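A look at the structure
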Amino acid sequence: MLSTTKIRINIAIFECFMENLYKYTVAGHTFAVSLPDGYLEQDYLSPYLPFKESDKTASLFTLRLEESESLRSLNPGEVLECMNDEAPYFWLFKSEGEGYPYNFGFSYTKSHPDCIVMCSADMADNVVYVPSAYASRLAEFALSNAMMLLYTFRTHPYDTLMVHASVISHGGNAYMFLGRSGTGKSTHSRLWLENIDDSVLLNDDNPVIRMIDGEAIVYGTPWSGKTPCYKNESLPLKAVVRLSQAPYNKIAQLPPLQAYASLMPACSCMRWDSASTGYLHKTVENVIMKVRGWHLECLPDADAAHVCHDAVTI
């Protein structure tokens, strides 16, 4: 098995000679993507263009897109789980190779994976495979999900969290809205946009929080769900608000332990990797020590936005 040092040297050599290699920086972390001949960056990586890195910056990880006649021939290993309640479904395989102990897959249905991700031991050099017959249709789906996975794993040691949330910028600060799927995160952000002056959407699905010099900073990302909001911007995080539906509008500040329990489930996590989970817990704790947590019980109306705004912006 190659050592981590040798793998990184090989990556550097690989990047020097690789054509169609593109680099992007999100929340200060740079990664590289390699496309096969005939695949144009603007067709398959357009959400990443605002994050394009022109400097010869070292990459935290590299992802290569490749076509395969049959994903079954790749032998990703035994299926351990097919997760998520809705698409994209996430597949976890027990790897039989010498790289990372697990391989991964993503799909639109639970019948079979539509792409397979295979990684080096430290997940620094990775390949996502799509079936040749459907490559043009599946490439963007495969690249986006694979990059989110790799970004989450590789940035955990650097006080970084990928969060399932919607974020509004207002008055020079950022306000993050959490909640289970269908709770109304996007709806509440829209209510701020419609009713609170100086409100702008920063990200509507997967913003990133990073602790920088003891402060929690939230960043826009290329991953914004169904809302095309790909902003290479960052702001201090002022409040984290968990939403729940109710027949009234009421907000209360959470004590630190409840705020911690509120933020933790919204953070992407490699729960099969103990080191990654340890980093996650530490970073969530640091964020909660700096940022106030709130619980907003609300209706989907303008008053909910005003009740929330009046409390969290003080």
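Here goes a summary of the coordinates provided.

Calculation criteria
Residues numbered from 1 in each chain as written. Predicted model: local features only at pLDDT ≥ 70, side-chain atom pairs only at ≥ 80, totals over all residues. Heavy atoms only, no water. Helix = DSSP H or I, 4+ residues; strand = E, 2+ residues; numbered from the N terminus. Rg over C-alpha atoms; globule rule 2.2 N^0.38 Å. Buried < 20%, exposed > 50% of the residue type's maximum accessible area, 1.4 Å probe, protein only. Contact = heavy atoms within 4.5 Å. Areas by Shrake-Rupley, 256 points an atom, 1.4 Å probe, with all protein chains shown as cover. Lys, Arg positive; Asp, Glu negative; His and termini not counted. Charge placed at Lys NZ, Arg CZ, Asp CG, Glu CD. Axes fitted to C-alpha atoms, helices over the stretch in contact; angles between N-to-C directions. Parallel < 35°, antiparallel > 145°, perpendicular 65-115°, else oblique. Nonpolar A, V, L, I, M, F, W, Y, C, P; charged D, E, K, R; others polar. Pairing = 2+ DSSP bridges. Disulfide = S-S within 2.5 Å. Phe/Tyr/Trp six-rings, centres within 6.5 Å; stacked < 30°, edge-to-face > 60°. Lys NZ or Arg CZ within 6 Å of the ring centre and 35° of its normal. Arc of directions from axis to C-beta. Core = buried A, V, L, I, M, F, W, Y, C linked by side-chain atoms within 4.5 Å. Salt bridge = Lys/Arg side-chain N within 4 Å of Asp/Glu carboxyl O.

**Thoughts on the overall build of the chain**
- Within the chain one finds seven helices and 17 strands.
- The C-alpha radius of gyration computed for the chain amounts to 20 Å, which stays within 12% of the reference 20 Å derived for 314 residues, consistent with globular compactness.
- Projected onto its principal axes, the C-alpha positions of the chain cover 55 × 40 × 35 Å.
- Per-residue burial for the chain yields a buried fraction of 53% across its 314 residues.
- In the chain, 62% of the contacts between residues at least 6 apart in sequence involve partners at least 24 apart.
- For the chain, the accessible surface area stands at approximately 14600 Å², while carbon and sulfur atoms represent 51% of it.
- When the 24 basic and 35 acidic side-chain charges of the chain are each reduced to a single mean position, those positions are 5 Å apart.

**Section: the packing of helix H4 (residues 185–195) against helix H7 (residues 302–312)**
- Running from N to C, H4 and H7 cross one another at 85 degrees; their axes reach a closest spacing of 9 Å. The pairing of H4 with H7 is recorded here as roughly perpendicular in orientation. Taken together, the residues of H7 that come into contact with H4 (itself represented by His-188, Leu-191, Trp-192 and Asn-195) are Ala-302, Ala-304, Ala-305, His-306, Cys-308, His-309 and Val-312.
- A breakdown of the residues in the contact of H4 with H7 according to their chemical character gives seven nonpolar, four polar and no charged.

**Focus: the sheet that holds strand S6 (residues 102–107)**
- Taken in spatial order, the eight strands of this open sheet run S1-S2-S3-S8-S7-S6-S5-S4, and their pairing is mixed. Bordering the open sheet on either side are strand S1 (21–26) and strand S4 (78–83), each of which pairs with just one other strand. Recorded for the sheet is a direction-independent mean angle of 25 degrees between the axes of neighbouring strands.
- Direction of pairing for S1 relative to strand S2 (residues 29–34): antiparallel, over a ladder of six bridges. Across the sheet, the residue bridging to Tyr-22 is Val-33, located in S2.

**With respect to the state of the cysteines**
- Applying the stated criterion across every chain yields a total of zero disulfides.
- Note on Cys-119: no disulfide assigned, nearest cysteine sulfur contributed by Cys-115 at a separation of 11 Å.
- Relative accessible area serves as the criterion here: at 9%, Cys-119 is assigned to the buried category.
- We note that Cys-298 lacks a disulfide partner, and the nearest cysteine sulfur, in Cys-308, lies 8.1 Å from it.
- You can call Cys-298 buried: its relative accessible area is 10%.

**Examining the packing of aromatic side chains**
- Per the stated rule, a full pass over the model turns up 21 aromatic pairs.
- Following the ring pairs from residue to residue traces out a cluster consisting of Phe-90, Tyr-100, Tyr-102, Phe-104, Phe-106, Phe-153 and Trp-272.
- Its end group placed over the ring of Tyr-102, Lys-94 keeps NZ or CZ at 5.0 Å from the ring centre.

**Some details on H4**
- Of all the positions in H4, only Lys-185, His-188, Ser-189, Leu-191 and Trp-192 are classed as buried. The buried side chains of H4 occupy one side of the element, clustering within an arc of 155 degrees when seen end-on.
- Buried-residue contacts for H4 involve strand S10 (166–170), strand S11 (173–178), strand S12 (199–203), strand S15 (234–245), strand S17 (292–298) and H7.

**Details of the nonpolar core**
- Counting residues in hydrophobic clusters, the biggest one holds 48 residues, and the most contacted among them are Phe-31, Phe-104, Leu-143 and Met-147.
- Looking at this core, the element that brings in the most residues is helix H3 (residues 135–155), giving 13 residues.
- In this structure, Phe-31 is in contact with Tyr-22, Lys-23, Tyr-24, Val-26, Tyr-48, Ser-59, Leu-60, Phe-61, Met-147, Tyr-151 and Trp-223, ignoring residues within four places of it in sequence.

**Quick word on the pattern of salt bridges**
- In this structure the tally under the stated criterion is five salt bridges.
- Here Lys-52 ties to Glu-41 by a salt bridge, and the two come within 2.8 Å at their closest N and O atoms. Taken together, the residues span a long stretch of sequence, with Lys-52 in the loop between helix H2 (41–44) and strand S3 (62–68) and Glu-41 in helix H2 at a distance of eleven residues.
- Overall, Lys-52 belongs to the partly exposed group, its relative accessible area being 44%.
- A salt bridge links Arg-64 to Glu-66, with the nearest nitrogen and oxygen atoms 3.0 Å apart.

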